[in-house]
Amino acid sequence: MPIEILDHGTAVHTAPGAGFGSDALLLARFAPPRPGDRALDLCSGCGIVALCWHDMGHRGPCDAVELDPAASALCAASAAQNGAGHIRPVCADLRDYCRAGPEQGRFDLAACNPPYFHGGPQSPDPRRAAARHDAACTLGDVAACAARALRFGGRLALCQRPERLAEVCAALCAAGLEPKRLAFVRHAPGAPVSLFLMLAQRGARPGLRLLDDLYICDAGGYGPAVR
């Protein structure tokens, strides 16, 4: 079983179809939990966002919600190896998660690295298709789940491809999550935007702040955001 090591020694168990890329790392660092925050990692895959938060020092409760049982098991193995008992792997469909019970309205921060593609050709591998296409997890599903889970004033961070920016804003606003911060990600200065990171807040007033662009690479190799 492949293991990746994060900046401060946290081991992340991965497998084919359940790895992670720079987008998940950028998302985790874009909106880190505050000390004691109850955090929620939606579409968690191998648990990379929750584990990255752990690597950054977060020790508050954190649910890592993932539909694929094999990927959720990887998160459980990583949490056990790292002594991260505050991370609770939850193998569940986010469309059903937090519809009732104590989880509703209890979280301070949620993050989601959702499927990027709507329609078009799909991989013959069902796990890869579910991870990349939104048949089982639309932007509306993500927004609705976060709205149920977050307390008033709670925050949702997500990443998505730039061509879906209008869809993301519409889905968030429809769920009562106001977009507050937006950062574009480019491979290098002058390159096209390849990704955006957005932070929304439940019940907040309108007012979106555009942050400086983030670069995967610069003249010295990896850019500051990745380093």
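An account of the accompanying structure is given in this report. What you see is a predicted model, and the numbers here were worked out from it, not measured in a lab.

### Notes on the overall build of the protein chain
1) Next: Scanning the protein chain from N- to C-terminus turns up six helices and 13 strands.
2) Next: Looking at the 227 residues of the protein chain, the share that counts as buried comes to 49%.
3) Next: Excluding contacts between residues fewer than 6 apart, the proportion of contacts in the protein chain whose partners are at least 24 apart in sequence is 69%.
4) Next: Working note: accessible area of the protein chain is about 10200 Å², and carbon and sulfur atoms make up 56% of it.

### Here's the deal with the packing of aromatic side chains
Two aromatic rings are characterised by how far apart their centres lie and by the angle between their planes.
1) Next: As enumerated under the stated definition, the model contains zero aromatic pairs in all.
2) Next: Positioned above the aromatic ring of Phe30 is the side chain of Arg181, whose terminal nitrogen or guanidinium carbon lies 5.1 Å from the ring centre.

### Here's the deal with the packing of helix H5 (residues 139–149) against helix H6 (residues 165–174)
For any two helices packed against each other, one specifies the inter-axial angle together with the distance between the axes.
1) Next: Closest axis-to-axis distance for the H5/H6 pair is 9 Å, and the angle between their directions is 35 degrees. Relative to H6, the crossing made by H5 is right-handed. Counted together, Leu139, Gly140 and Ala143 of H5 and Glu167, Val168, Ala171 and Leu172 of H6 form the full contact between these two elements.
2) Next: Here the contact of H5 with H6 is built from residues that sort into five nonpolar, one polar and one charged.

### Concerning the pairing of strand E5 (residues 87–91)
1) Next: Both strand E4 (residues 62–66) and E5 contribute to a ladder of five bridges, which runs parallel. Residue pairing in the sheet places Val65 in a bridge with Val90 of E5.

### Considering the state of the cysteines
1) Next: This structure, assessed with the given rule, holds zero disulfides.
2) Next: Cys43 provides the cysteine sulfur closest to Cys137, a residue in no disulfide bond, and the two sulfurs are 3.6 Å apart.

### Remarks on the nonpolar core
1) Next: Formed by 39 residues in total, the largest nonpolar core has its most connected members in Leu27, Phe30, Ile48, Val49, Trp53, Ile87 and Leu197.
2) Next: Secondary structure elements with two or more residues in this core: helix H1 (22–30), helix H2 (48–55), E4, helix H3 (69–81), strand E6 (107–112), strand E7 (150–160), strand E8 (177–186) and strand E9 (193–202).
3) Next: In terms of nonpolar packing, the next biggest core, distinct from the first, is built from 29 residues, Leu94, Ala110, Ala146 and Ala171 among them.

### What about the environment of Ala31?
1) Next: Looking at where Ala31 falls in the secondary structure, it is placed in the loop between H1 and strand E3 (39–42).
2) Next: Placed 166 residues apart in sequence, Ala31 and Leu197 show a C-alpha to C-alpha distance of 9.4 Å.
3) Next: Filtering out sequence-adjacent residues up to four positions away, Ala31 remains in contact with Trp53, Leu109, Ala157 and Leu199.

### What to know about the environment of Ala84
1) Next: As for its placement among the helices and strands, Ala84 is situated in the loop between H3 and E5.
2) Next: Ala84 sits in the buried class, given a relative accessible area of 1%.
3) Next: Excluding anything up to four places from it in sequence, Ala84 contacts His54 and Ala79.

### Describing the pattern of salt bridges
1) Next: Taken as a whole and judged by the stated rule, the model has nine salt bridges.
2) Next: Across the pair Arg95 and Asp93 runs a salt bridge whose closest N-O atoms are separated by 2.8 Å.
3) Next: One salt bridge connects Asp213 with Arg186, and the closest N-O pair in it is separated by 2.6 Å. Remark: Arg186 occurs in strand E8 and Asp213 occurs in the loop between strand E10 (209–210) and strand E11 (214–215); sequence separation between them is 27 residues.
4) Next: The class of Asp213 is partly exposed, set by a relative accessible area of 25%.
5) Next: Each of Asp63, Arg88 and Glu103 takes part in one network of salt bridges that share partners.

Conventions adopted
- Residues numbered from 1 in each chain as written.
- Predicted model: local features only at pLDDT ≥ 70, side-chain atom pairs only at ≥ 80, totals over all residues.
- Heavy atoms only, no water.
- Helix = DSSP H or I, 4+ residues; strand = E, 2+ residues; numbered from the N terminus.
- Buried < 20%, exposed > 50% of the residue type's maximum accessible area, 1.4 Å probe, protein only.
- Contact = heavy atoms within 4.5 Å.
- Areas by Shrake-Rupley, 256 points an atom, 1.4 Å probe, with all protein chains shown as cover.
- Phe/Tyr/Trp six-rings, centres within 6.5 Å; stacked < 30°, edge-to-face > 60°.
- Lys NZ or Arg CZ within 6 Å of the ring centre and 35° of its normal.
- Axes fitted to C-alpha atoms, helices over the stretch in contact; angles between N-to-C directions.
- Left-handed = near helix turned anticlockwise from the far one by under 90°.
- Nonpolar A, V, L, I, M, F, W, Y, C, P; charged D, E, K, R; others polar.
- Pairing = 2+ DSSP bridges.
- Disulfide = S-S within 2.5 Å.
- Core = buried A, V, L, I, M, F, W, Y, C linked by side-chain atoms within 4.5 Å.
- Salt bridge = Lys/Arg side-chain N within 4 Å of Asp/Glu carboxyl O.

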